[in-house]
Amino acid sequence: MKHSLHALLCAALLSLAACIPVEDFGANWDKGTADTALVGTWDDILPAGEKPKDSPGMAITCAESTCTLETLDPAEKMKKDYKPMTLRTLQAGDYKFVMVREEGKTTGDMVRYSIDKDVFRQSTPKPAKTAEFLKEKYPAAKNIHRPECKPDNCVFDSIKITTLDDETVKILSELPDTAEYWITEERYRKRP
């Protein structure tokens, strides 16, 4: 995936730190569904004291098993490499993850989410705690890990998925639903 598309994706739907990079969604991409709760036009929710961005928001539409994410920024749409993003929701135990990629690609990003009263909340696994969980419960896991993150070569500390296989989905579903393991924040509000 081109860096500019990755930045657009994470800026448009997910905060950059919330993205779990996925090298290959594998067969689990086809297990994803279209969550109609995502349909609509969404705006950023700003933390207290933060000034509003000059962002016209984003629109999500769904058809059959796939949703499409479009920026509402005309300047962004005019860029040569702009393409809408494809979304699918994957159920992993009690959690929902939105998988996002450019159409036809196998790489992309995902994030755990919930929607309540037209507010999109995203949850990001805490990398250090997730790495401890992996070491203790799944030491042989080969498709999910915490890459080494050094100050001179690390954009953000995260978990990385090589192939989203069934074991990786199981691992994500078993991470305890506590603040010790997840950072949850309100990110977007759906327009009426």
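Residues numbered from 1 in each chain as written. Predicted model: local features only at pLDDT ≥ 70, side-chain atom pairs only at ≥ 80, totals over all residues. Heavy atoms only, no water.

Visitor: Lay out helix 4 (residues 127-137) with the relevant residues and their values.
Guide: Three or more residues of helix 4 are buried, namely P127, K129, T130, F133 and L134. In an axial view of helix 4, the angular spread of the buried residues amounts to 165°, which keeps them on one side of the axis. In helix 4, those exposed residues whose orientation departs by more than 90 degrees from the buried face are K135 and E136. In the core, the buried residues of helix 4 are packed alongside strand 8 (119-125), strand 9 (144-145) and helix 5 (166-174). (Buried < 20%, exposed > 50% of the residue type's maximum accessible area, 1.4 Å probe, protein only. Helix = DSSP H or I, 4+ residues; strand = E, 2+ residues; numbered from the N terminus. Arc of directions from axis to C-beta. Contact = heavy atoms within 4.5 Å.)

Visitor: Break down the pattern of salt bridges for me, citing the residues and quoting the values.
Guide: In total, this model carries 13 salt bridges according to the counting rule given. For D35, the salt bridge is made with K96, and the minimal N-O distance between the two is 3.2 Å. Of this pair, D35 sits in the loop between helix 2 (28-31) and strand 2 (40-44) while K96 sits in strand 6 (residues 95-102); the two residues are 61 residues apart in sequence, bridging distant segments of the chain. What emerges from the salt-bridge pattern is a single network uniting K129, E132 and E180. (Salt bridge = Lys/Arg side-chain N within 4 Å of Asp/Glu carboxyl O.)

Visitor: Help me get a handle on the environment of T41, residues and values and all.
Guide: Mapped onto the elements, T41 comes out in strand 2. Taking the C-alpha atoms as reference, T41 lies 8.5 Å from R189; in sequence the two are 148 residues apart. With sequence-adjacent residues up to four places away left out, T41 is seen in contact with M58, A59, L72, R189, K190 and R191.

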